[in-house]
Each structure stands twice: as C-alpha cells, then as structure tokens.
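# Breakdown of the fold
What follows is each chain in one-letter form.
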Amino acid sequence: GLGRLNVHIVEARDLLNKEKFGKIDPYCAMLYGGIELKTKTANDAGKNPRWGSEFTVDKVDANGQLSFRVWDKETFRDDQFLGQAALSISTINDGRAHDLWLTLEPRPGKSEKVSGQIRVIVNFIDPEGPASKPPVSKPPAQPSSAGQQPPQQFYGQAPQAAVPPQTGPYGAPQGPPSQGSFGAPPSQGSFGAPPPQGPFGAPPPQGSFGAPPSQGSFGAPPPQGPFGAPPPQGSFGAP
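Described in the following lines is the structure provided in the data block. Model, not experiment: these values are computed from the prediction.

Sheet topology note: the strand β2 (residues 26-32)/strand β5 (residues 65-72) ladder contains six bridges and is antiparallel. Across the sheet, Y27 pairs through a bridge with W71, a residue of β5.

Pasting the structure below:
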C-alpha cells in the first residue's frame, strides 16, 4: 500500500576528499521516483559533515526504493560525485523508526573511487500496516493467593455457604428460648427448686411418724399409781 515516509539525513563519515586544495563541501540528495530533495551544503566540513535535514514524502509505495547520493559542491565546475546508497522501503515497513548507516558505492557501470557512509533515520507509516493496528491490551497478572487473606464479600456477590438454622417443632425456626423453657433457669417452685414449707420432705410436725413418743405410748415406762404410789400387787407380770 501507499504510506508516508519520514527521512532524517543526519551526517556522513570518512568521505573521499577529491579536492587538491582545501576541504570538500558535501551535500546529500534523496531520490524517490521523480522527486529529488537535497540537504544544505556543509561548507568546508571535509570528510565528516553533519546535515540534520528532515523530509516527508506522502504516497510512497511500500515496495519502492530510496536512493541517496552524496556530492561535493563546486563553484566553477560540475559537482563531484562522492558515492551513493540505496534502501528498500519494504525492509523498514514495520511502523518503527530505523537509525541506519548506509555504505556508499559507485554508480553502476562507472569506475569511480568512493568511500564512507551516511547516517539516515527513516520511518515509513503504512495505514494498512502494523502501525495502524491498535495495541492489544493484556489482562493484569493475577497475584499469588499464597499467604493472602480471603477476599471480603461485598453487596452483590454470591454469599458463602452458611450453616442452616436449627428448626423447632413442625419445621418452625427455633428462636431464643423463653423463660421457663428447657435449658432456661427454672422459675420459683419448678422442678429442682427448694420445696415450699410443709410438703413432703419438710421436717415432720410434732407427733408425726418418727417423732419421740408421747407419754404413755408403747414402750414407755408404766404410769405411776395413783398419787405416785407403787403399783398394786397381783398385777399381770408382777413377781
């Protein structure tokens, strides 16, 4: 497809100095199709010029090719060729910026002496390529559950399993026991409380079973005779 090409021609190094006197004045020309774009001339820069020129070209074919040519600027004669380099756009069609050093070569079919390299930063943006696709967001890593407290339960979450409530008679839920029911403290007078005065188990009244016999009862000494005199002779059991 067609895209946009951003090119930054930064610098060159180890160029061939073809001047007999003084230093060369290099510049670089970029060619794509019928388009030619030139950097500024680095006057008296010699073998290692710096340009820092930037260009943008639209509607560039992803399968096209860029060419770079370095020249020595002359005043009274034609500019001298210092070398050229080519770059296939398909090798940089990944949406990223590429910082490259390209080696200069002679023109085909000519016996020319060249040397050096040029540095370019190129970025090809293809609307249908990788740069146009939105990044895929990854879910956050789940932290390890070892040694962590269980998550708190908030409104709207599934409740955790609970122990079913106890039921009373006929399936009715059993509430707190009322006073006097089984297991509650007994009320006054109920089973296990101290008996009231008088019922069975209380101290017997005077004269009841187990009390000391009254005078004259069975086993007691015989009554005295009248006025305390000894018993009359001839009674049963007497000597």
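What the rule picks out here adds up to one aromatic pair. Arranged with centres 5.4 Å apart and planes meeting at 75°, the rings of W71 and F81 form a pair that is edge-to-face. With W71 in strand β5 and F81 in strand β6 (residues 80-88), this residue pair connects regions lying 10 residues apart in the sequence. In this pair, the class of W71 matches that of F81, namely buried.

With that settled, consider the environment of E54. The residue E54 is located in strand β4 (residues 50-61) in this model. Expressed as a C-alpha distance, the spacing of E54 and V7, which sit 47 residues apart in the sequence, is 5.6 Å.

The rules behind the values
- Residues numbered from 1 in each chain as written.
- Predicted model: local features only at pLDDT ≥ 70, side-chain atom pairs only at ≥ 80, totals over all residues.
- Heavy atoms only, no water.
- Pairing = 2+ DSSP bridges.
- Helix = DSSP H or I, 4+ residues; strand = E, 2+ residues; numbered from the N terminus.
- Phe/Tyr/Trp six-rings, centres within 6.5 Å; stacked < 30°, edge-to-face > 60°.
- Buried < 20%, exposed > 50% of the residue type's maximum accessible area, 1.4 Å probe, protein only.

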